[in-house]
Amino acid sequence: DELNFVWYELVGSGRIRGGVGARQAMETARRLGIRVVPSIANSGFNRDFVIEAIGTAEARTAHVADLVALVVDNGFDGIDIDYESLYAEDRDLFSLFIEELAVALHAENKLLSIAVHAKSSEPGSWSGPQAQDWQRLGAAVDFFKIMTYDFHYSTSEPGPIAPLVWVDEVLDFAATVVPPEKTYMGLH
């Protein structure tokens, strides 16, 4: 139904770097009726880049406008936000950004998708998910994509990346705060 090309990244001073990397693939997707919703991540998952882009009302307004222009000017169906490495203290600021971006994109009949860290309760067990208010984000976005992996990771003790019991707990929790029709499970 949808392609999330990884063509863009947020870098310092709120700048967006990147461009259409596969025009023929994009045109083929459109011809086949597949949504084109490219993903943007903060380069190197650098928190500072996100805070520079959304940390003040003026910066946030400019970043929202830049993202909307990127979507509209390229004829994308929307944008997928994958801003990671945020702190728990960024929770309200990040929610406000997503809410403002959703309003601006929806005014242009465009979609907003978000990638979120897995958690099975609020606020979450570490800073990444603690920075994401699932109820607010889920209410604002069109597609809520949970990264149901990294239960264990390269620097943790050995173990499964996504044990089924944990994935079930994450999805059960998600169903209590986000409309299930918006929720997608990211596979490892």
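Relevant structure appears above.
Rules and cut-offs
- Residues numbered from 1 in each chain as written.
- Predicted model: local features only at pLDDT ≥ 70, side-chain atom pairs only at ≥ 80, totals over all residues.
- Heavy atoms only, no water.
- Buried < 20%, exposed > 50% of the residue type's maximum accessible area, 1.4 Å probe, protein only.
- Helix = DSSP H or I, 4+ residues; strand = E, 2+ residues; numbered from the N terminus.
- Arc of directions from axis to C-beta.
- Polar contact = N/O pair within 3.5 Å; in protein donor to acceptor, adjacent residues only side chain to side chain.
- Salt bridge = Lys/Arg side-chain N within 4 Å of Asp/Glu carboxyl O.

Draft legend 1. Spotlight on helix H2 (residues 47-54). Within the span of H2, buried status applies to Arg47, Phe49, Val50, Ala53 and Ile54. When H2 is viewed along its axis, its buried side chains cluster within an angular range of 160° and face the same direction. A distance of 2.8 Å separates the backbone nitrogen of Asp48 from a side-chain oxygen at the start of H2, and that oxygen is part of Asn46.

Draft legend 2. Quick look at the pattern of salt bridges. The final tally for this structure, using the stated rule, is 12 salt bridges. Its salt-bridge partner being Arg35, residue Glu2 comes within 3.0 Å of it at the nearest N-O pair. Of this pair, Glu2 sits in strand E1 (residues 2-3) while Arg35 sits in strand E4 (residues 35-36), and the two are 33 residues apart along the sequence. Among the residues examined, Arg35 registers a relative accessible area of 23% and is labelled partly exposed. Here Asp80 ties to Lys145 by a salt bridge, and the two come within 4.0 Å at their closest N and O atoms. Remark: Lys145 occurs in strand E8 (residues 143-147) and Asp80 occurs in strand E6 (residues 78-82); sequence separation between them is 65 residues. Owing to a relative accessible area of 17%, Lys145 belongs among the buried residues under this scheme. In this structure, a network of salt bridges that share partners links the residues Glu2, Arg35, Asp80 and Lys145.

Draft legend 3. Representation of the environment of Asp92 in the model. Note that Asp92 resides in helix H4 (residues 91-107). Since its relative accessible area comes to 52%, Asp92 is described here as exposed. Engagement of the side chain of Asp92 in a polar contact is seen with the side chain of Arg136, the distance being 3.2 Å.

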